[in-house]
Amino acid sequence: MIGMLGTMMAAGLTACSGDDDTATNGSTPQTADDGVKVRRLTITEADGGAAEARQSLTRASLTEGDGLTAKWTAGDALTYCNLSRVNGGNNEAPYSGGLTAASTAATSQFTGNVTCHAGDELAVVYPATTFTTNSRYAITLSGQDGTLAGLATNYHYVYGKAQVTAVTDAAAEATMPKMKSLLTVCKFSFVNKDGGAIPVLSLSISYGGSGSDAGKYPQTATVSLKNADGVSLDQAAVHATGAAGSSEALTVTCPSVQDAVYVALLPTDAPRTFRFTVSDGSGNTYTGSAKAKLNEGEYVAATGLKLTKQ
């Protein structure tokens, strides 16, 4: 397994005012201080050093080389959500909005309309999503096309938690640890019984074994940002949890036949058996399985997996 390379991020955000806002402390809403003012907010992502960088990838122009490298691209869309504040006294109505990367670089500015006070905690997520509460959001694993570019743009989910540390009438500052990757990026390639490469037009992945999820794979997952008491979790404690109830495998359909397929998968608590079904685009189908433990934020190159022609 090759760890993912990280980058630093500095974000410049424009804050907008709200007429009625409520701060949350645990599960109990509290009346906020005077109205939110328009401020310029800067979020700085701290660099945890080379060891942490190898385990974390901020964003995603996933270019294969020495592991995977990362840079932001101008126009990348992110979303913030204020974990400490709800709109109009409704615990389920969050202050949230869009952020946009300003430049194509390892370090970029991000701009957007942000509502916050000093001491607030902000969730920052990529790719952009919609928050219906300030305690959780959903991600999808279905619809992947097996390409590195498609995975980077739509399925490389990362999360950061920023702390607003200083506020004046015109400006504010916040810091957060390096954004963490929530899923595992996997590169798959396959061979037949004679060792010949199998071209891939589509790949279906499911869990093996004899459990209730055998032959299935979650199509969606939930990212919980608070505990049962409504207290926001530390960034390290935020994970993606697969939604139960899927009755089918995760199917990746490539735009054309490929030698390798790139897929974002959920991390596993322990080694799991995965089943693979490959269509080569010429009417042939191959099946097989492999056992692996997938770790959050890592890049796994599973090449030369042997499949049997059906």
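Everything below is about the structure printed above this text.
First things first, this report covers the structure right here in the doc. (Residues numbered from 1 in each chain as written. Predicted model: local features only at pLDDT ≥ 70, side-chain atom pairs only at ≥ 80, totals over all residues. Heavy atoms only, no water.)

1. Thoughts on the sheet that holds strand 24 (residues 272-279)
Piece 1. Judged by pairing direction, the sheet is antiparallel, and its five strands sit side by side in the order 22-19-24-25-27 without closing on themselves. Edge positions in the sheet fall to strand 22 (250-258) and strand 27 (308-309), since each has one partner strand and no second.
Piece 2. In this structure, strand 25 (residues 285-292) lies alongside strand 27, joined through two bridges in antiparallel fashion. Opposite Tyr286, over in strand 27, you have Lys309 as the bridge partner. (Pairing = 2+ DSSP bridges. Helix = DSSP H or I, 4+ residues; strand = E, 2+ residues; numbered from the N terminus.)

2. Quick word on the nonpolar core
Piece 1. By size, the foremost hydrophobic cluster in this structure holds 49 residues, and its most contacted members are Phe188, Phe190 and Leu203.
Piece 2. Within the second largest apolar cluster, 16 residues are counted, among which are Leu78, Ala162, Val164 and Met179. (Core = buried A, V, L, I, M, F, W, Y, C linked by side-chain atoms within 4.5 Å. Buried < 20%, exposed > 50% of the residue type's maximum accessible area, 1.4 Å probe, protein only.)

3. What about the sheet that holds strand 13 (residues 136-140)?
Piece 1. In spatial order, the strands read 13-20-21; together these three strands make up an open sheet with antiparallel pairing. The sheet is open, and its two borders are formed by strand 13 and strand 21 (240-242), each paired with just one other strand. Each strand of the sheet is rotated relative to its neighbour by a mean of 30°, with strand direction disregarded.
Piece 2. Of the pairings in the sheet, the one linking strand 20 (residues 220-224) to strand 21 comprises three bridges and is antiparallel in character. Along strand 21, the bridge assignment pairs Thr222 with Thr241. (Axes fitted to C-alpha atoms, helices over the stretch in contact; angles between N-to-C directions.)

4. Regarding the environment of Ser189
Piece 1. Its place among the elements puts Ser189 in strand 17 (residues 184-191).
Piece 2. Taking the relative accessible area as the measure of exposure, Ser189 reaches 15% and is therefore buried.
Piece 3. Measuring from C-alpha to C-alpha, the distance between Ser189 and Tyr262 comes to 9.1 Å, with 73 residues separating the pair along the chain.
Piece 4. Dropping the residues within four chain positions of it, Ser189 is found in contact with Asp259, Ala260, Ala302, Thr303, Gly304 and Leu305.
Piece 5. For Ser189, the side chain forms a polar contact with the main-chain nitrogen of Gly304, separated by 3.0 Å. (Contact = heavy atoms within 4.5 Å. Polar contact = N/O pair within 3.5 Å; in protein donor to acceptor, adjacent residues only side chain to side chain.)

5. Description of the layout of surface pockets
Piece 1. Its volume calculated, the largest pocket comes out at about 440 Å³.
Piece 2. Lining the largest pocket are 20 residues, and of these Tyr207, Pro218, Gly242, Leu266 and Pro267 sit closest to its centre.
Piece 3. A total of three residues in the lining of the largest pocket trace back to one element, the largest contributor, which is strand 21.
Piece 4. Considering only residue class, the lining of the largest pocket consists of nine nonpolar, six polar and five charged. (1 Å grid on protein atoms, 1.4 Å probe; cavity = no way out; pocket = protein on both sides within 12 Å on 5 of 7 lines; lining within 4 Å. Points joined across faces, edges and corners; volume = space filled by probe spheres on them. Nonpolar A, V, L, I, M, F, W, Y, C, P; charged D, E, K, R; others polar.)

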